[in-house]
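For reference, the chains in residue letters:
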Amino acid sequence: MHTTRRTWITALAAAVTGGLVLSACSGGDADAEGGDSSGPTTLTIANWQFNDTEKGRTLWAAIEDYSGPDENITLENVGSAFGNYADRLNTMLGAGEGPDVMIMLEAQAHELADAGLLEPLDDIAEEMGDSLNGTNESGVILDQQYGFNWERPTYNTMIYNQDVLDAVGAEVPTTYDEFIDVSETIRDSQDAFDLPQEVFGFAGRHQTNELNGWILEMANWIYGHGGELSDGSELTIASDANVAAVQAHLDLFASGVPPLGDDASTFRAKFGQGQIGMSFENSGVATTMATDPDNVIDGTNLGAAPLPLPNPGGHSQLLITVNADSENVEAAKDFIRWFLTDEAQEAIRLGHGASALATDVPLDPEFAEANPWAEQFIESASDSRSTLVAGFELDSVMIWREFLTAVEELRINGGDIRESLEQVQETVEAELGR
Amino acid sequence: MTAEPASRTTSRFRPTGSTGAPHSGGRRPPGASPRPRSFLRRLRDQFGIYLFLLPAVAYLCVFTVYALIRGVMLSVTATRLVNPDGGRYVGAENFQYLIASDPFWHSVVTTLLYTGFTVIAVVLLGTAAAVALDARFFGRSVVRAIATIPWAIPTIAASLIFAWIYNDQQGILGQGTRALGLGQPGWLTDPDWGLFSVTVATVWKAFPLAMLVMLAALQSVPHELKEAAWIDGATRWQTFRAVTLPHLAPTIRVLTLLMTIWSIRRFEIIYVMTGGGPIDATNTLVVSIYNTAFADQHLGRAAAIGVLALGLSLTVTMIYFVVERRRERKGES
């Protein structure tokens, strides 16, 4: 009896173990859907934006009915939250897996293209010809077209709260000196506001725990003051222009004008509630703030103007790309072709609000009328610049991290800016083996 | 009861001292040495045991042993995250780079400080809370339940709550210190306070587990011993020191070991609150591994940091076992 029971249990354990081993050994091709391009095909598309509440719904609604030239394509959203989006994509693609079509930041596209994980799309660029605008240059990596502009939310713009400026009798600043004057006027005129909370003249990122966002904002300061982190072949981290840019940034954050310690989500919420006068922001955030019914900011009192700096600033660049290891490369490329048509560009325009797109599709008339500030972002996108460090694209994040850590240290502990930036240059060169 | 004669031990029960191997026919002569079992026979007898162990061993092999070997192999290569199979062998270059790198040693020191403060505070607070909640008082169950809440809250949520508490502008802590005229420390924005603030949040999150473990250990302290001490005139403190604490000592040692290992590898709470900043003030080895692997894309170098961090954990574990072994030899609890 005991022996029989033990035999049965042993056999069961053997079966379970065998099953586990077999299932572990079996490859990942169990789900081979879409392998046959002539049959029904599910095209997976990844974009963290699809998970955003309002914007995500609008964008997904604009594309979800796509069925391809043979009416056999179904789109499936496989995006994840922004926080771990890039990491997930990198690890999936590194393992030869991943979605068919992906929206990603240009820095990631450079990494993946360099590793041979993105499908070249030169043939599509050739087919589309002049219908594509200059923003698609961002998709040219290693002399090949690996992606097209999904959205360019430029940071090359200053947004302002017209009510705050009116309350202190200020005009929209057009130079850096005017900008500082207006910021300090707001700081010193708290009685002019009918709010229990303090109203700040300016707000922006300034901490390394928001590294990726701070890179985008700091690029405004560096580029705006005529600086660069490289000349294309050599690093120029301690250049005069960069020292001046860092000095200006530090002076502003030491002046009591911005809310120190606020991260982007906090100061953006404050902007929405009328507690911030000005900010260097991107078009996506401006659209979200102006259309949020819970905000006191809307299309009537939100303003946008060129950066009050001598030169244009930076932008964030989102590219639409195709996975080179996809089983549906041709179907994915057909989707890209459709995405670049006027029909598709008009469809996604509403979701992208004031951002620049792959073609010069105009703003949605209704949106433009309700949000007169939006046009400025389209103009600003034409001369804004990438935050990738020219000639060092694959190491851009590391270079910016060292640079911004030094800026943070200078803000907190003080010190000689030039010496500190020279030290950064040495550290980065050592890291790069130069 | 009298001892049974040897002749009666042949039928059903195994006689003391026999191997338990079934007789293959005929009785072995009295006093004959037991026949050694063959390897195959032992394997057959123990096959079931190995079979039951197999799933766990397979899991460990895939998710621990393989990962460990792969990590060590990666640590001697220059590999980028998006091309994990395309690494180039560089020998000890990654380790040489790290050993010569100030930020790496800063990470090691930060890790040791964070671990040391966290473990001491968690074990002390957990033990104190357990002793307090072991006493009988009205509403004890409710208080025990409330005290375990921090442990039950998801780490990310707790991290975000603390980030808000510490916020320079709206944080309730800053408002409190300002109201008391103590100024406004940059809890998460000043490198002098960053590590302290993250440690406090960690202790708040981790101490309930220590408390529960110590509470369980307290249940095993014989009440008679305490009573005997009281009858002998010992005070409560003397009773705790002489009776309770020796019983808790093994649990405290294991708890300290586990808390140390968990603190060395803790990631979420630090990364969410500071990302390793301000100015690398909270950049522990694990945060450094993440930034090196995912932000800088240097998978090989990140693996090298991981190998060195593993060495740190192993050192702590070995110290624990050496101390334990010495105690056992001395016959201490």
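Cut-off values and rules
- Residues numbered from 1 in each chain as written.
- Chains lettered and ligands numbered in written order.
- Predicted model: local features only at pLDDT ≥ 70, side-chain atom pairs only at ≥ 80, totals over all residues.
- Heavy atoms only, no water.
- Helix = DSSP H or I, 4+ residues; strand = E, 2+ residues; numbered from the N terminus.
- Buried < 20%, exposed > 50% of the residue type's maximum accessible area, 1.4 Å probe, protein only.
- Areas by Shrake-Rupley, 256 points an atom, 1.4 Å probe, with all protein chains shown as cover.
- Contact = heavy atoms within 4.5 Å.
- Buried area = accessible area lost by both parts, 1.4 Å probe.
- Salt bridge = Lys/Arg side-chain N within 4 Å of Asp/Glu carboxyl O.
- Pairing = 2+ DSSP bridges.

(A) Representation of the overall build of chain B in the model. Of regular secondary structure, chain B possesses 13 helices and two strands. The proportion of buried residues among the 333 residues of chain B is 38%. Accessible surface, chain B as shown: approximately 19,800 Å² in total, 66% of it carbon and sulfur.

(B) Local environment of unusual backbone geometry. The residue after B:Gly277, namely B:Pro278, is reached through a cis peptide bond having omega -10°. Take B:Pro278: it is sitting in the loop between helix 11 (268-273) and helix 12 (285-295). Phi is positive for A:Asp143, which is not a glycine, with a value near 65°. Position of A:Asp143 relative to the elements: it lies in the loop between strand 4 (140-141) and strand 5 (144-145). One non-glycine residue, B:Ile279, lies in the positive phi region at around 45°. Looking at where B:Ile279 falls in the secondary structure, it is placed in the loop between helix 11 and helix 12. For B:Ile279, a relative accessible area of 12% corresponds to the buried category.

(C) Spotlight on the interface of chain B and chain A. Each partner contributes to the interface: chain B provides 36 residues, whereas chain A provides 36 residues. Buried surface at the junction of chain B and chain A, both sides included, amounts to about 2,700 Å², of which 56% is carbon and sulfur. Of all residues in chain B, the largest losses of buried area upon contact with chain A belong to B:Val82, B:Gln169 and B:Ile279, amounting jointly to 22% of the total for that side. Scanning the region where chain B abuts chain A turns up two salt bridges.

(D) Structural detail: the pairing of strand 10 (residues 302-306) of chain A. All names here are of chain A. Summarising burial for strand 10: four of the five residues are buried, a large majority. Note that strand 7 (residues 157-161) and strand 10 share five bridges and pair antiparallel. Paired with Thr 157 across the two strands is Pro 306, which belongs to strand 10.

(E) Looking closely at the pattern of salt bridges. Residues and elements named next belong to chain A. Inspection of the entire model under this criterion finds 16 salt bridges over all chains. For Asp 123, the salt bridge goes to Arg 337, with nearest N and O atoms at 3.7 Å. Separated by 214 residues along the polypeptide, Asp 123 in helix 5 (residues 122-128) and Arg 337 in helix 12 (residues 329-339) bring together distant segments of the chain. Sharing partners across several salt bridges, the network here consists of Asp 123, Glu 127, Lys 333, Asp 334 and Arg 337.

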